[in-house]
Amino acid sequence: MINYIPRRFTVIRDKDKCVNCGCCVRQCSNECHYFDDDGKTVLCNSNTCVACHRCVDLCPTGALRIEKYVCDYNENANWTPQYQQEICRQANTGSTLLSAMGTPKPYPIYWDHILLNASQVTNPSIDPLREPMETRAILGRKPEKLEADKKGKTTTKMPPQIIIETPIMFSAMSFGSISLNAQKSLAMAAKELGTLFNTGEGGLHPDLYNLSDYAVVQVASGRFGVHKDYLKNSKCIEIKIGQGAKPGIGGHLPGEKVNVEVSNARMIPEGSDAISPAPHHDIYSIEDLRQLIWSLKQLTDNKKPVSVKIAAVHNVSAIASGCARAGADIIVIDGFRGGTGAAPTRIRDNVGIPIELALAAADQRLRDEGIRSTVSLVAAGSFRCSSDIVKAIALGADACYVASAPLIAMGCHMCGTCNTGKCNWGIATQRPELTKRLNPEIAHKRVINLITAWTHEIKEIMGGMGINSIDSLRGNRLMLRGIGLSEKELEILGIKHAGE
Amino acid sequence: MLKEGQIRIPSGCAIAAIIDKKGNKINGSEIIKSISLMHDRSNGLGGGFAAYGIYPDHKDENAFHVFYDNVEARKTCEEFLFKHFNIDVAERIPTKPVPSIDLGPDIWRYFGKANRVRMKTSRLDEDEYVAQCVTKVNNSIEGAYIFSSGKNMGCFKAVGYPEDVGEFYMLDRYEAYLWTAHGRFPTNTPGWWGGAHPFNILDWSIVHNGEISSYDTNRRYIEQFGYICTMQTDTEVITYLFDHLLRHHNLPIEVAADVLTAPEWDEIDRMPEDKKEYFTTLRAIYSGALVNGPFSVILGSNKGLLAINDRLKLRSLTAAIKGDRAYFASEESAIRIICPDPDKVWSVSGAEPVFIPLEIEEEVDE
Ligand code: SF4
Ligand code: SF4
Ligand code: SF4
């Protein structure tokens with residue numbers, strides 16, 4: 001069948017190097033590589049290649065290379081090849097375009113337009129190798145003031161708090177959208193790093209019950225996998241209202257990924273699509289959110305902080321403040337560049353606003369209302385490196401959620417086809433032959449390495465600023481300067497321009 | 001060029017303080033002698049003093065010290081003060097010409113009690129009423145600046161070296177049980193008298209040495225509660241933090257000091273359970289009020305004197321005791337010149353605040 005769309009990549013095999021071992025044939029779930037009729041010579045068909053590099057990285061002789069397939073169209077700045085191809089895809093199938101991972105569109109990334117400060121002369125920088133440098137953060141609702149009649153003793157009754165040793169947590173990725181091995185790797189890493197992982201809306205697999213002290217368990221509109229023990233076996237409960245990659249719509253797990261294990265964890269029939277409703281059908285307004293928060297708290301004897309995750313949309317600051325007033329202990333804002341296992345392309349690429357602006361606006365709004373210090377604010381939606389995190393904390397975040405970065409540490413190459421369930425790296429798939437490729441013992445160490453390295457970098461950057469505690473970085477916008485930003489952007493970010 | 005308040009100007013400094021905990025009076029010449037020894041730590045761009053117990057005849061009234069840039073400003077400000085307070089005395093603060101001090105603003109002093117009727121209708125307690133009136137004048141009357149507003153205390157400051165400022169105000173004519181002094185080394189020349197230190201609000205006065213790196217975190221924390229940091233100085237934000245913790249949250253002064261210089265987690269984790277809980281709770285609630293970077297701070301009040309130093313001890317601060325008196329200074333020599341033979345001398349360590357309470361209760365009639 002002709003599908004009117006040229007292929008995207010060409011697989012190039014160096015015949016001089018290839019020893020026809022067949023490794024690539026076994027590795028590519030997209031069936032690009034195959035044995036010739038002679039049963040000995042390896043050949044390939046590039047049409048279904050997604051550039052995941054699994055074959056490239058595993059070829060023992062380094063014979064493989066993936067190249068972008070260039071096939072020029074008649075030039076037209078409006079009708080770009082991408083739009084033409086998307087139209088053809090829809091003409092072929094008649095369905096909504098689906099995509100995975102964060103939007104690839106070149107929207108402004110404000111992290112790249114913000115510069116950090118360092119001390120010189122008037123204020124010494126601090127050497128993180130020689131001096132203590134604190135990255136511990138405490139999340140949860142705080143009373144307005146301390147009750148203490150004398151030094152050394154307090155009578156304050158603290159609501160439940162979460163202590164994390166680095167301001168980086170693992171964002172929601174459900175078992176179902178990712179493999180059990182992938183989720184287990186994150187959970188094991190979270191335990192060792194003293195931080196948290198997040199179950200997403202996929203329930204908690206029995207294999208992870210022993211790591212539930214490091215779990216944020218999600219309650220999403222589909223209520224998949226939600227039961228009393230699930231809620232009680234957790235560190236924190238997160239009500240998912242929205243997700244940055246697809247604000248306004250619910251989660252979507254294609255039936256191909258729902259095997260027996262996933263169906264048990266989610267409490268849904270095997271093979272059925274797990275489609276969460278767009279809204280929570282018991283939350284049509286802010287008062288309803290309040291009721292859900294309180295019932296979750298009651299169910300867990302007020303022992304778990306309840307967080308509310310919202311997508312960064314236009315009115316995000318008012319919504320964040322509403323969530324705080326409805327009783328959320330932690331507010332998570334997910335920016336529109338955030339990743340996803342599957343989202344309608346048009347929504348992913350067009351709905352929502354960047355986390356930088358959403359975070360800056362929400363933090364300021366909560367301060368204007370005098371309630372910022374009583375709730376925690378967590379930012380999500382694409383942190384690529386430690387300096388992105390430093391900038392987010394200086395804008396006002398208590399901590400950041402990361403997901404794509406630890407996946408990349410485990411092997412993900414951002415091929416953007418998680419929704420097909422054929423992830424060659426054993427991450428976004430449930431096929432046993434693929435998931436077994438991901439060894440949690442190895443993968444969790446790689447994730448620990450990554451977060452440890454980032455935490456070190458955060459300490460170095462803080463030391464350079466003359467700060468030895470993350471508490472003094474939080475909301476410290478004077479440490480930030482914009483570069484190449486308009487007056488309006490600077491105003492929303494609440495920062496000055498470089499040189500000012 | 002932008003003046004202080006429109007821009008943040010980093011500065012280094014010298015600080016000194018003396019307290020007699022029995023309330024016996026100390027002449028102003030002593031503190032001048034102490035601070036002048038540290039001449040090199042200032043650069044002539046700001047000096048000042050705070051003195052407690054100097055107005056026994058007006059001890060129940062607020063003493064407002066005001067800088068005026070012009071007559072117009074004085075008229076507007078006086079109109080405001082006369083309306084909101086029952087002013088007993090309005091006079092120029094006596095000064096004498098000192099060659100090194102340029103012609104500055106017109107400096108006035110007023111003694112008066114809050115106007116009861118206005119205060120009651122505003123539904124504020126007296127402290128809040130006074131604080132809001134001062135903020136109002138400083139933010140809305142161009143050319144008028146109230147730089148001191150406490151009871152039975154006063155700040156005296158100018159652009160100049162501290163010893164010259166002391167001479168200018170003739171501080172040897174004042175007797176106080178508590179003195180603090182400040183010499184400034186700004187990296188920039190604001191040339192504005194209001195920018196000199198101590199910084200004062202109600203009975204609290206602060207002298208501070210250092211440049212804090214947590215400035216904007218602290219500013220954005222405190223501005224949640226209605227404070228406006230117009231001066232953009234560390235001293236201002238630290239003063240507001242203390243004012244908020246002591247007056248609005250009713251914390252004992254040592255607890256407030258713990259908030260600003262909380263110990264490190266490493267240390268807290270090793271503490272016995274109740275102390276661990278105390279510091280963990282304190283740090284969780286007041287993470288925005290933790291002060292970071294090099295600083296030493298002396299807080300004067302009618303309850304006593306508090307000295308704190310940064311967590312890494314990046315700024316020097318020495319303390320000494322002799323009989324009923326306690327001395328503090330950026331350098332030990334500045335203490336020894338007025339107290340050659342102290343009973344005890346030590347260096348104030350980071351995260352270990354020193355509080356010298358005043359042992360006599362000042363009688364305040366209600
Ligand atoms: S893995 Fe490499 S060496 Fe083996 S068949 Fe494929 S290209 Fe040839
Ligand atoms: S899809 Fe991945 S494994 Fe298959 S050919 Fe392309 S790069 Fe290699
Ligand atoms: S998780 Fe797998 S399928 Fe998804 S982008 Fe990464 S490599 Fe591709």
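See the structure printed just above.
Everything in this summary refers to the structure shown in the same document. Quick caveat, the model's predicted, so the values are computed rather than measured. (Residues numbered from 1 in each chain as written. Chains lettered and ligands numbered in written order. Predicted model: local features only at pLDDT ≥ 70, side-chain atom pairs only at ≥ 80, totals over all residues.)

### As for the overall build of chain A
Okay, so step 1: A tally of regular secondary structure across chain A gives 15 helices and 21 strands.
Okay, so step 2: Counting over 500 residues, chain A shows a buried share of 51%.
Okay, so step 3: Considering only contacts in chain A between residues 6 or more positions apart, those separated by 24 or more positions represent 68%. (Helix = DSSP H or I, 4+ residues; strand = E, 2+ residues; numbered from the N terminus. Buried ≥ 20, exposed ≤ 12 C-beta atoms within 10 Å, placed from the backbone. Contact = placed C-beta atoms within 7 Å.)

### Remarks on the site of ligand 3
Okay, so step 1: Surrounding ligand 3, one finds 15 residues, the nearest of these being Cys412(A), Cys415(A), Cys418(A), Cys423(A) and Ala428(A).
Okay, so step 2: The residue inventory of the shell around ligand 3, partitioned by class, reads 12 nonpolar, three polar and no charged. (Near = placed C-beta within 6 Å. Nonpolar A, V, L, I, M, F, W, Y, C, P; charged D, E, K, R; others polar.)

### Section: the interface of chain B and chain A
Accessible area lost on assembly of the parts is the figure often given for the size of an interface.
Okay, so step 1: Facing 41 residues of chain B, the contacting portion of chain A comprises 41 residues.
Okay, so step 2: Listing elements by their share of the side of chain B that touches chain A, those giving two or more residues are helix 6 (215-222), helix 8 (253-260), helix 9 (265-269) and helix 10 (273-285) of chain B.
Okay, so step 3: Its residues assigned to classes, the side of chain B that touches chain A comprises 17 nonpolar, 12 polar and 12 charged.

### Focus: the nonpolar core
Residues and elements named next belong to chain A.
Okay, so step 1: Judged by nonpolar contacts, the single largest core of 263 residues is most densely connected at Leu 196, Ile 331, Ile 333 and Cys 400.
Okay, so step 2: Among the elements that make up this core, the one with the highest residue count is helix 14 (residues 440-465) (nine residues).
Okay, so step 3: A domain split of this core shows at least three residues from each of domain 1 (9-95) and domain 2 (137-147 + 158-497).
Okay, so step 4: Apart from residues no more than four positions distant in its own chain, Cys 400 is found in contact with Pro 167, Ile 168, Val 378, Ala 379, Ala 380, Phe 383, Ile 389 and Ala 392. (Core = buried A, V, L, I, M, F, W, Y, C linked by C-beta atoms within 7 Å. Domains from an automatic or database assignment.)

### Digging into the sheet that holds strand 11 (residues 215-219) of chain A
Residues and elements named next belong to chain A.
Okay, so step 1: Strand order in the open sheet formed by eight strands is 9-19-18-16-15-12-11-10, and the pairing between neighbours is parallel. What marks the edges here is a single partner per strand, and that holds for strand 9 (168-170) and strand 10 (197-198).
Okay, so step 2: The pairing of strand 12 (residues 236-240) with strand 15 (residues 306-311) spans four bridges and is classified as parallel. What sits directly across from Glu 238, in strand 15, is Ser 307.
Okay, so step 3: Contacts between helix 7 (residues 286-299) and the sheet are confined to strand 11, strand 12 and strand 15, with strand 15 contributing the most and set at about 145° to the helix. (Pairing = 2+ DSSP bridges. Axes fitted to C-alpha atoms, helices over the stretch in contact; angles between N-to-C directions.)

### Structural notes on unusual backbone geometry
Okay, so step 1: Put simply, His197(B) and Pro198(B) share a cis peptide bond, and its omega is 10°.
Okay, so step 2: Positive phi outside glycine occurs at Asp301(A), with the angle close to 55°.
Okay, so step 3: According to the C-beta neighbour criterion, Asp301(A) is exposed, with 9 such atoms within 10 Å.
Okay, so step 4: Here Asn302(A), not a glycine, exhibits a phi torsion of approximately 60°, which is positive.
Okay, so step 5: As for its position among the elements, Asn302(A) is in the loop between helix 7 and strand 15.
Okay, so step 6: Given 13 C-beta atoms within 10 Å, Asn302(A) falls into the partly exposed group.

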